[in-house]
Structure formats: C-alpha cells, structure tokens
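Survey of secondary and tertiary structure
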Amino acid sequence: MHEKIIILDFGSQTTQLIGRRIRELNTYCEIIPFNKFPHDATDIKGVILSGSPYSVYDENAFKTDLRAIRGKYPVLGICYGAQFMAYTSGGSVESANSREYGRAKLTFVDDRDRLLKGITSGTQIWMSHGDSITLLPESFQVIASTEDVKAAAYKVADEETWGVQFHPEVYHTTDGVKLLDNFLSICGCSKDWSPASFIEATVAELKEQLKEDKVILALSGGVDSSVTAMLLNKAIGKNLTCIFVDHGLLRKNEFENVLRDYEHLGLNVIGVNARDKFYSRLAGVSEPEEKRKIIGKGFIDVFDEEAGKLKDIKWLGQGTIYPDVIESLSITGTVIKSHHNVGGLPEKMNLRLVEPLRLLFKDEVRRVGTELGMMPHLIKRHPFPGPGLGIRILGDITAEKVCILQDADDIYISLMREWGLYDKVWQAGAILLPIHSVGVMGDERTYENTIALRAVTSTDAMTADWAQLPYEFLAKVSNEIINKVKGVNRVVYDISSKPPATIEWE
C-alpha cells in the first residue's frame, strides 16, 4: 500500500500540475473531487486543496466540510483552497480592486516557518486570483506577504495547516517545488515513489489480482498500450495474449516494424491484417465523424473475432492513464466522458477490466517504460490517432491515397529523425488534402495532389504551437516528396496553433 497525498480538486486548471509536481518529488498522490475525501483510508499523509474558477461567495462555489480533515492531517490550501479555509473559519474574502495576476515578490514575515525552509525572502511567485483575503481569522497568522497582498501565505496556530494565495505548482513560481517539498517533509513522506517501486508494486498486485486467469490486450504500437503489455507480461507471462490489428491506416511498414519490436520484448502477439475489410467499409465515405465510427466499429469487430478464437479469457487489458481517469469524472463525481480505449468491448465480451497504468501521468508511463528496458523509439514515439491515416486523408479513403500518404509521411518523419528534430516536437505527420493543383514536371503540366505537413510543440496536447522548423529542412522535405512520391506536386506547411485550430485536421 502506497503512502499518499490527497489533492482535493475544486476545479482549477492547474490541479493536474500540482499532482505532477508531487509525483516528481517521488511521492504518490491522488486527485479526487473536492467532496469525495476517502475518510476510511489509512495511508493518507497529507491533503492539498486546489484552486478553483469560483469565488468562495459564489452561489455555485464548490464547498466541503473540512472539520474532519484539518487537525488530523497536514493541510495546504492553494489560492481558492487558502481563501476557502479562511472564509469558512470566520475570515473575510473580497474581490480585489484589480485582478491579481502575474509575477510578484514574496516577502517573509516569519522566516522560521517550516513551509518556507530553504527559500529566500523576495523570491518570485505567480499570482492568479480575482479575490483576496482581507481579514484572517484570529488563529491564522501571516507568514509571508507581497506588495499588494498582506496574507500571501499563512499558518494556522496549533494546526499543521497552511494557505498560500499564489500557485507554487507553476513554472513562474521560482521556489514553488521547494515549497511543495517542504510540505511533503512536514507530512512525513518518505519520498520513495519511483518507476522501479511502481513496477515492483504493480506486478505484485497484478499477480494477486489475476492469478492464473487469461488476459487479452489490444496493442496500438503506442507507449501506453506497450507499457501495459510489458507490465502484464511480467506478471502473468504467456497468459497474456496481445492483438495488433492493421486497419490499413498505419504508417508505412509500421505493422511489420511494430510486430518485430514486440517480438524483441518477448510478448505473445497475434498480428491481424484487416486492411481490405476496412477499405471496403470506408469506400466513398468522406464525413470525418462517420469515418471515425466505421474505423472504431471495424476494430471492435476484428478484435472480437480474434478474441473468440481464444479460450477462457476473463480480463481485458487497457492502457488507460491517470489524466483519462481524472477527466472521466466531473468534480461532482458524474461520468462525463468514457475513455475506454476499446469502447464497448467489456460489456459485449463479458470481460473484466485490468488497467495497470491508471495511476500514472504520460511522462511517468515513459519513465516506467525506460525502467522496463523498452527501446527508446517505442517510448518516445509521437502520439498517433486511433483512426490513423484515416483522419489525415481528407475526403474519402482509397488504398491508392493511403499509399501516397504513407510514402510522403515516411519521407517527412525519416528526415525529422535524420535532422535531429523528431524528439524536439510533440507530434508530426503529413496530411493528404482533397485539392489538386497545377504543376510543371519536365516539359509537362501536371494536375496532382497536395500534401500538408504538420508539426507541433506541446506538453499535454491541450494546447499546441506550430513548430518553427528550419526552412532548409522544410525545403529538403518538400523536394524529396515531390520528386519521389508519384501523384504529389505541391507541399505546404501548417502554421496554425491550438486553439483555435486542432492538432489533427479531422
């Protein structure tokens, strides 16, 4: 059983970032809705209250009873969390004259406070709130201020309870990680959460959970499903059967390359070539959402057909990760989004789910993969959409169009690796546009296809900026594609950011 920090989520955009920072300090934490505190848990070391989009006096503000938490555990309130504790203890919170947003200097009032240990007075912090505490309750003592905010940080007398009206989790707060580390020390955390300890604990739990049962897992070639397969393989070996479906919309030679990689990893994998089945179902279909549904349904049918050939399967493995789990619940606890990688299968096949990565963030999944000895190109692989090239071919899909796009994409990605650019971008790919344009090749006029190149930088795919790739590189890619890919006479580069655009075109 892991010792853990509980982060109560009051709806802040940076709640997940708090979680990531705590994990980076080698401490396990769980993010749960503000009103779902697990009072029966025995392994909680401390509690963090997140920020919120609301004011404490808003009619819709998220509120919960903290009386059973404060005094029992160390507590750190961040922004709204700090204001909520002050407000519900008899203090005053009022709308600031102007929104306090951006950098500020934190001046210490009590430099002996344990939360501020090892931090120098005058350190830069990041403010982001429209309200401010104007009167602290009697037992609350100011430990740090800014020029505009007297109670920038406080401590409650005779309680291990603190509040800060700034965001220690964001990059702009210079010593924010140190402050969070101090809080973990106050909580008595051993700080021994690591990829190695996760693997050891998870494999032991999987052995206990699955015993001699058989598990089936759909592989995509991506990092989440691959690491899931490695963990299950470590726990149950040949009782795991993986199925890798080629829907004809993978990158060039990807089916063969990925199967070879999985063979090196010692996984029991069935490769299924279902290209013709998908092409026939997609014939003449241009509407993006309809294409997605056909591909999704086709995948389920093929997976179900292959699973039916196996005996005594009791579990379905899935590569669900922690952001999926958090996002699948609203902070009122209502399911708002299903993240099952293979929608509909558990009910249809009467299987139980096993999701060994459901506690990990994406960067942690990659670290676990490294610890498991996976090859770097599998771990660092760019995200690739489930429908594959089906949503990078605008308009209807044919085998000929897939071939054109695979060749163009292969040149683009190969040159990115060659130029040392692949690991510097979040995601890159080529898109085949339903546009023909006039060109000249030799003495002949042509009327051929257009390829758009896309590359973005991002940390989480929620926002993304177009990657400013060198002109010389783009010129080389364009020249190679036009010269070597029959049917293409024009290449363009997408310089749209997300928002307002999306990473994929469909």
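Whatever comes next refers back to the structure up there.
Calculation notes
- Residues numbered from 1 in each chain as written.
- Predicted model: local features only at pLDDT ≥ 70, side-chain atom pairs only at ≥ 80, totals over all residues.
- Heavy atoms only, no water.
- Salt bridge = Lys/Arg side-chain N within 4 Å of Asp/Glu carboxyl O.
- Helix = DSSP H or I, 4+ residues; strand = E, 2+ residues; numbered from the N terminus.
- Buried < 20%, exposed > 50% of the residue type's maximum accessible area, 1.4 Å probe, protein only.
- Contact = heavy atoms within 4.5 Å.
- Pairing = 2+ DSSP bridges.
- Axes fitted to C-alpha atoms, helices over the stretch in contact; angles between N-to-C directions.
- Parallel < 35°, antiparallel > 145°, perpendicular 65-115°, else oblique.
- Left-handed = near helix turned anticlockwise from the far one by under 90°.
- Core = buried A, V, L, I, M, F, W, Y, C linked by side-chain atoms within 4.5 Å.
- 1 Å grid on protein atoms, 1.4 Å probe; cavity = no way out; pocket = protein on both sides within 12 Å on 5 of 7 lines; lining within 4 Å.
- Points joined across faces, edges and corners; volume = space filled by probe spheres on them.
- Nonpolar A, V, L, I, M, F, W, Y, C, P; charged D, E, K, R; others polar.

**Observations concerning the pattern of salt bridges**
Counted under the stated rule, the structure contains 30 salt bridges. Of the charged contacts in the structure, one is a salt bridge between Glu256 and Arg275, with a shortest N-O distance of 3.4 Å. Of this pair, Glu256 sits in helix 6 (residues 254-264) while Arg275 sits in helix 7 (residues 275-282), and the two are 19 residues apart along the sequence. Via salt bridges that share partners, Lys4, Glu30 and Asp43 belong to a single interconnected network.

**A closer look at the side chain of Asp213**
With respect to the helices and strands, the residue Asp213 is situated in the loop between helix 4 (195-210) and strand 10 (214-219). Judged by relative accessible area, Asp213 falls into the buried class, the value being 16%. Once residues lying within four places of it in the same chain are set aside, the contact partners of Asp213 are Ile236, Asn239, Lys314, Trp315 and Arg352.

**A word on the environment of Phe244**
With respect to the helices and strands, Phe244 occurs in strand 11 (residues 240-246). For the pair formed by Phe244 and Ala218, sequence separation is 26 residues and the distance between their alpha carbons is 6.1 Å. Among all residues touching Phe244, those that are not within four sequence positions of it are Leu219, Ser220, Gly221, Leu250, Glu254, Phe255, Val258, Leu259, Val269, Ile270, Gly271 and Val272.

**With respect to the sheet that holds strand 10**
Across the sheet, which stays open at both edges, the five strands sit in the order 12-11-10-13-14 with parallel pairing between neighbours. In this open sheet, the two strands that pair with only one neighbour each are strand 12 (269-273) and strand 14 (352-354). Each neighbouring strand pair of the sheet contributes to a mean axis angle of 30 degrees, computed without reference to strand direction. Strand direction decides the pairing type here: strand 10 and strand 11, joined by five bridges, are parallel.

**As for the packing of helix 13 (residues 399-418) against helix 14 (residues 471-484)**
Contact pair helix 13 / helix 14: the axes reach a minimum separation of 9 Å and the direction vectors enclose 150 degrees. Comparing their axes, helix 14 and helix 13 come out roughly antiparallel. Crossing of helix 13 against helix 14: the hand is right-handed. Here Ala408, Ile411, Tyr412, Leu415 and Met416 of helix 13 come into contact with helix 14, specifically with Phe473, Lys476, Val477, Glu480, Ile481 and Lys484.

**A word on the nonpolar core**
By size, the foremost hydrophobic cluster in this structure holds 89 residues, and its most contacted members are Tyr412, Met416 and Leu469. The element contributing the most residues to this core is helix 13, with nine residues. Grouped together as the second largest cluster of nonpolar side chains are 37 residues, Ile78, Leu106, Met127 and Tyr322 included.

**A few points about the layout of surface pockets**
Computed from the structure, the second largest pocket encloses a volume of approximately 420 Å³. What lines the second largest pocket is a set of 18 residues, and nearest its centre among them are Arg251, Glu254, Asn257, Arg381 and Arg417. Broken down by secondary-structure element, the contributors of at least two residues to the lining of the second largest pocket are helix 6, helix 12 (376-379) and helix 13. Looking at the lining of the second largest pocket residue by residue, the class counts come to four nonpolar, five polar and nine charged.

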